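Given next are the chains, with one letter for each unit.
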Amino acid sequence: MLHIENLHAYYGKSHVLHGVHFDVGPGEIVALLGRNGSGRSTTAKAIMGMVESTGDVTWKGQPIVGRKPYEIAHLGLGYVPENRDIFPRLTVQQNLLLGQKGARQKGRWSFDDMYAMFPRLKERQHTEAGVLSGGEQQMLTLCRTLMGDPELIIIDEPTEGLAPKIVELVGEYLKTLKAKGISVLLIEQKLTIAMSVSDRTLVMGHGSIVFQGTPDSLRADAYIRKEWLEV
Ligand SMILES: Nc1ncnc2c1ncn2[C@@H]1O[C@H](COP(=O)(O)OP(=O)(O)OP(=O)(O)O)[C@@H](O)[C@H]1O
Ligand SMILES: [Mg+2]
């Protein structure tokens, strides 16, 4: 569904991605792992048209490199960036409404679905988003993106800074998305959650993919883990 080949990305003169290649299939959860600075967020931004890039990125057979971020979003790719991207002065509900405005048509998600998935957001629907806790803002960002009805969602470090209990919860929600047929590209630092929810794992090092395989094969590969993941 998402096919990436020979993807290069640049910040000015700095060449950050060096021929990245991987696929994400329908309904698949693929974890993109790697140390700080390995190029995971840049990969997300390159897919979403937010950084200068060259190479082949095709989405359902259509080349998308060089397109504008909003055009890419309209084709059904959702993006939850690593900084919690909410409108702090708007209420929870207004934030969700803004997400829906980006949708191509009436989506598969309603307000009630979001509130059923995250009861905490329902309780706080009329609260300004800026006063929510970090975990709640993370949930809100995810929900706002879902309201745009993506077929594939790229989520950049959703568990960063969250308490272990909430991290578990995020894992459950990712499985819910999968059950709804949504593909997920999960950028993570935490091996445990990535291993428990993903169908396949990718490891990135210095702007290239250095490993692709099932969670079990990554678990079994001490060399890759030591060389590219453990600190
Ligand atoms: N806006 C930018 N301008 C210049 N260089 C950047 C910019 N953003 C990232 N980089 C550089 O690109 C490389 C890859 O960064 P990237 O953010 O993709 O890493 P990452 O794997 O997401 O790691 P983390 O999120 O832990 O920082 C790093 O060397 C980083 O310093
Ligand atoms: Mg990052």
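Predicted model only: the values in this text are computed from it and were never measured.

### Let's talk about the packing of helix 3 (residues 92–101) against helix 6 (residues 134–147)
1) Next: The interhelical angle for the contact between helix 3 and helix 6, taken along N-to-C directions, is 35 degrees, at an axis separation of 6 Å. Relative to helix 6, the crossing made by helix 3 is right-handed. Of the residues in helix 6, those in contact with Val92, Asn95, Leu96, Gly99 and Gln100 of helix 3 are Leu140, Cys143, Arg144 and Met147.
2) Next: Among the residues making up the contact of helix 3 with helix 6, the classes are represented as five nonpolar, three polar and one charged.

### So, the coordination of the magnesium ion (ligand 2)
1) Next: Surrounding the magnesium ion (ligand 2) are the protein donor atoms Ser41 (OG) and Glu82 (OE), which sit 1.9 to 2.7 Å from the metal. Here serine 41, found in helix 1 (residues 40–47), pairs with glutamate 82, found in the loop between strand 6 (77–80) and helix 3; they are 41 residues apart in sequence, far enough to count as distant.
2) Next: Take serine 41: its relative accessible area is 13%, and that puts it in the buried class.

### A few points about the packing of aromatic side chains
1) Next: Here the structure, examined in full by the defined rule, presents two aromatic pairs.
2) Next: Here the aromatic rings of phenylalanine 111 and tyrosine 115 are separated by 6.4 Å at their centres, their planes lie at 40 degrees, and the arrangement is tilted. Pair noted here: phenylalanine 111 and tyrosine 115 are both in helix 4 (residues 111–117), with a separation of four residues, about one helical turn. A single burial state applies to phenylalanine 111 and to tyrosine 115, both of which are buried.
3) Next: The aromatic ring of tryptophan 109 is capped on one face by lysine 180, whose charged end is 4.5 Å from the ring centroid.

Definitions and cut-offs
Each residue is numbered by its place in its chain's sequence as written, counting from 1. Chain letters and ligand numbers both follow the written order, the letters beginning at A and the numbers at 1. Local features in a predicted model are, by the rule used here, given only for residues with pLDDT of at least 70; side-chain atom pairs are given and counted only at 80 or more, and totals for whole chains, interfaces and linings are based on all residues. Excluding hydrogens and water, the side-chain values take into account all heavy atoms of the structure. Note on geometry: axes are C-alpha line fits, over the in-contact stretch for helices, and angles between N-to-C directions span 0 to 180 degrees. Secondary structure elements are defined from DSSP: runs of H or I of at least 4 residues count as helices, runs of E of at least 2 residues count as strands, and each element is numbered from the N terminus. We call a crossing left-handed when the near helix sits turned anticlockwise from the far one by less than a right angle, and right-handed when that turn is clockwise. Whether two residues are in contact is decided by their heavy atoms, any of which lying within 4.5 Å being enough. Basically, the charged four are Asp, Glu, Lys and Arg, the nonpolar ten are Ala, Val, Leu, Ile, Met, Phe, Trp, Tyr, Cys and Pro, and anything else, Gly included, counts as polar. Any N, O or S atom lying within 2.8 Å of the metal counts as a donor, and for Na, K and Ca the limit rises to 3.2 Å; water is left out, so some sites can look incomplete. Burial classes: relative accessible area under 20% of the type maximum marks a residue as buried, over 50% as exposed, and values in between as partly exposed (1.4 Å probe, protein chains only). Aromatic rings from Phe, Tyr and Trp, with only the six-membered ring used for Trp, were paired whenever their centres fell within 6.5 Å, and each pair was classed as stacked if the ring planes differed by under 30 degrees, edge-to-face if by over 60, and tilted otherwise. Any Lys NZ or Arg CZ that is within 6 Å of a ring centre and within 35 degrees of that ring's normal is treated as a charge sitting over the ring.

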